[in-house]
Each structure stands twice: as C-alpha cells, then as structure tokens.
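# Examining the three-dimensional arrangement
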Amino acid sequence: MITVLRIGHRPERDKRITTHVALVSRAFGADKIIVDRIDEKLKKTVDNVTRKFGGNFEIEFGSYMEQIKKFKGAKVHLTMYGIPLEEKIRDIRKFDDIMVIVGSEKVPRIIYELADFNVAVKNQPHSEVSALSIFLDRLARGKELRGELKIIPEERGKKVLRIPGKEECLRLLEKYGADDRLKRHSIMVSKVALASARGCGCDQRLVEAGALLHDIGRTVTHSIFHGVEGYKILKREGMDEILARFCSTHVGAGLLKSTARKLHLPDQDYIPRTIEEKIVCNSDTLLKGDKVVTIDEIAEDYVGKGLASEVPRLKRLYSYLERKCGFSIEELLALNDEQLF
Ligand code: SAM
C-alpha cells in the first residue's frame, strides 16, 4: 500500500500542482493521496480521472501531523536535502506500507524528524511532481508504467482501452461459474501466450487478459458457439471489442466466413488479426487441456478428426509466430513442469 501525503496545499495557489501530484500518484501506482487542506474541487477532478481511466485510487483530506503520527509503515519524506535515493531505495522497498511525503513551500523541521527516511531525488531543487514520479517509478523498478489503460492510436479520435488485470479476469471467470478445468486451461493458455509473446514487442497485458478470458463462453456452452457466447459476455461486461474478439477469434484456430456459415455461426469471419489475437489463438491450439504439446501432435489430431484441410493454416500461424516472436517449442513444453497456481 502506497500513500502520498501532500503537505502545504493552498487551494487558491496550488490547484494545478496539487492536481498533478495526485495524478502522478495514481498513474505511478500509489493507492491513495492525503492532502492537508480540504479542497472539494481537487477531489472532484481526481475522482473524475479515476472514474474515467480506472483503478481504485482515493483522495482524502486530513491534518498532516495526525496522519504522520498514526501511520504505521515507513514514512519517506522527499527533500532535496536528503540522502540520495539510490542509497536508500533498497531499504525502502522492504516495506509493504509506505507513506511518501511531499511539500510545497517551506517544509517544517518536524517533518524531517518524524520521517523514517529523508530522501533526495538528486540534491538539487526542482519540484514535488518530478520528485514523486521518479521516486514511485524507482520504487516499482519501472514496472507499473504500462498501467491498465492502453491508448489506441487514432488519426483524430481519443480511444482508451481498459485492460483488466489477471485478478479481475479470474474474478470474471468465477462470476460466470468457470469450473476448475476451465480455470486451469485458461491460466495455462495465458502462460503459453506470455512466454510466446516475450520477443515480439506486443502488449503483454492484452495478451494475458485475452488468454485468460478467451474461453469464458464455455461457461455457457462447449459447442463451437462458445466463442460467440464469450464475445457476448465480455460486451455485456462493458469490455471493448478488442477484448471481446479474443473469444470469437480463437475458435477452430480462426474460421473463414464460408466455414462459419456452414456451422451456422453469425455471418462473419473469425480470423485472428492482431498479433495479440494470433498469439492467444496459437497458444490455445498448442494445448491439450492444460498441457502443451507440439504442433505436429495437434496436426495429427486434426487429421484424425477429418480436419486435414485445416492443418496447413494452423502450421502457417505457428511458424509465423515462431519466426516473429522467436520462441522455441522446448521453452513452451517446459511450462508443463511449472506449477500452475
Ligand atoms: N524549499 C522547500 C523546502 O523546504 O524543502 C521545498 C520546495 S519544493 C518546490 C517542493 C517539494 O518538492 C519539496 O517539499 C520536496 O518534497 C520536493 N522536492 C523538490 N526538490 C526535490 C529533490 N531534489 N529531491 C526530493 N524532493 C524534492
């Protein structure tokens, strides 16, 4: 849990800078900001951003002395006079509960006394916004930057995609009554997909969410319609088309429109198009339940089921991804020896 304590806020003068301190806190992984003067406008702005862009970030108000005194974790005061961040960050990371204190104008002496760490982000004067963002980034070793939102570049629009994290995906599978077998399969697809995706610069969070949710329609039916059912579930849950398509495009390792028609599926093709869709589709193909097998073994199964005509397409997708992402079947097979949960 990371709490940012903003001291010395003056609503009439610091509106923008305190808003920026709050937005940096949220975007760089803090859970909460406490501001020492009540400012309803500031709360409204911050709550609006959280509502629009996701997460559980909170803003509260309270006297800084009270907040510091009652806080049980490590109190880190950011100040240009402190010990260089590089010397302290390892010790600070040992704490689960951290309060990061940033000032505005002159910071009272008592803060230096009450803090467990007085830390400088370079011993030069700059700003609480820069100090806080660099501190939070170093604390998370740069990991949190991707966040759960992805901007989809558009010529003129402003498209923002919210990608559910692993826990949220698993909760959704639970909500729709996924059994143990389905959960194990979905987790294994996500492991194979993430291992395959490592070398190709695609969006790992999207790959993980797509893999975990691709079969959610199996909670409704195990027939070929499970892709369409999954698509409907994710749309109903307010998820973007980009996520819902993982359900429809993995069935039969991607179906042509003509095949879909023969199967009486809604009239469209079900071909994986984005690199993330291709990776999830291929990872699902390589699994028998929750075990990875080779593409040749899968091809034999297809021939056995009278689906020899589909084999070249499966193999093409596999070879394409193997080349593009640089994974080897050995490393995917090795996932069979890892613990699933
Ligand atoms: N002169 C003020 C004082 O008494 O320390 C600081 C003013 S500065 C504009 C506002 C805040 O930015 C500070 O309270 C501190 O939290 C942060 N800050 C500025 N430079 C910093 C640095 N080099 N390292 C860490 N924090 C810094």
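Calculation notes
Residues numbered from 1 in each chain as written. Predicted model: local features only at pLDDT ≥ 70, side-chain atom pairs only at ≥ 80, totals over all residues. Heavy atoms only, no water. Helix = DSSP H or I, 4+ residues; strand = E, 2+ residues; numbered from the N terminus. Buried < 20%, exposed > 50% of the residue type's maximum accessible area, 1.4 Å probe, protein only. Domains from an automatic or database assignment. Axes fitted to C-alpha atoms, helices over the stretch in contact; angles between N-to-C directions. Parallel < 35°, antiparallel > 145°, perpendicular 65-115°, else oblique. Left-handed = near helix turned anticlockwise from the far one by under 90°. Contact = heavy atoms within 4.5 Å. Nonpolar A, V, L, I, M, F, W, Y, C, P; charged D, E, K, R; others polar. Core = buried A, V, L, I, M, F, W, Y, C linked by side-chain atoms within 4.5 Å. Arc of directions from axis to C-beta. Near = heavy atom within 4 Å. Polar contact = N/O pair within 3.5 Å; in protein donor to acceptor, adjacent residues only side chain to side chain.

### Some remarks on the environment of Leu287
- Turning to its location among the elements, Leu287 is positioned in strand β9 (residues 287-288).
- The class for Leu287 is buried, based on a relative accessible area of 8%.

### Observations concerning unusual backbone geometry
- A positive phi angle, near 70 degrees, is found at Lys122, a position not held by glycine.
- Residue classification places Lys122 among the exposed residues on the basis of a relative accessible area of 65%.
- A positive phi angle is found at His264, which is not glycine, with a value near 60 degrees.
- Tracing the sequence through the fold places His264 in the loop between α12 (257-262) and α13 (275-285).
- Here His264 falls in the exposed class, since its relative accessible area comes to 66%.

### Observations concerning the domain arrangement of the protein chain
- We note that the domain assignment places domain 1 (2-139) and domain 2 (164-337) within the protein chain.
- Domain 1 and domain 2 are separated by 42 Å when their C-alpha centres are compared.

### Focus: the packing of helix α10 (residues 226-236) against helix α11 (residues 241-249)
- In contact at an axis separation of 7 Å, α10 and α11 are set at 160 degrees when each is read in the N-to-C sense. The angle between the axes of α10 and α11 places the two elements in the roughly antiparallel class. Here α10 and α11 pass one another in a crossing that is right-handed. Contact with α10, carried on its side by Gly227, Gly230, Tyr231, Leu234 and Lys235, involves Glu241, Leu243, Ala244, Arg245, Cys247 and Ser248 of α11 and no other residues of that element.
- Of the residues belonging to the contact of α10 with α11, the class tally is five nonpolar, three polar and three charged.

### Focus on the nonpolar core
- Core analysis: the largest hydrophobic core is formed by 56 residues, its most contacted members being Ile216, Leu234, Ile279 and Leu332.
- Ranked by residues supplied to this core, first place goes to helix α8 (residues 180-197) with eight residues.
- Core analysis: the next-biggest nonpolar cluster, separate from the first, contains 30 residues, Val46, Leu78, Leu85 and Val129 among them.

### Quick word on the side chain of Ser248
- Looking at the secondary structure, you find Ser248 in helix α11.
- Residue classification places Ser248 among the buried positions, given a relative accessible area of 5%.

### Description of helix α14 (residues 295-304)
- Listing the buried residues of α14 in full gives Ile295, Ile298, Ala299 and Tyr302. For α14, the angular spread of the buried residues around the axis is 100 degrees, confining them to a single face. Structural note: α14 exposes Glu300 and Gly304 on the side pointing more than 90 degrees away from its buried face.
- In this fold, the buried residues of α14 make contact with α13, β9 and α15 (311-325).

### A closer look at the site of the ligand
- Around the ligand, the structure places 20 residues, and the nearest of them are Leu78, Val121, Lys122, Gln124 and Glu128.
- The separation between an oxygen atom of the ligand and a polar main-chain atom of Leu78 is 2.6 Å.
- Here an oxygen atom of the ligand sits 3.1 Å away from a polar atom, N or O, in the main chain of Val107.
- Counting residues per element, the ones that place at least two in the shell around the ligand are β4 (74-84), β6 (117-120) and α6 (128-139).
- For the shell around the ligand, the class distribution of residues is ten nonpolar, six polar and four charged.

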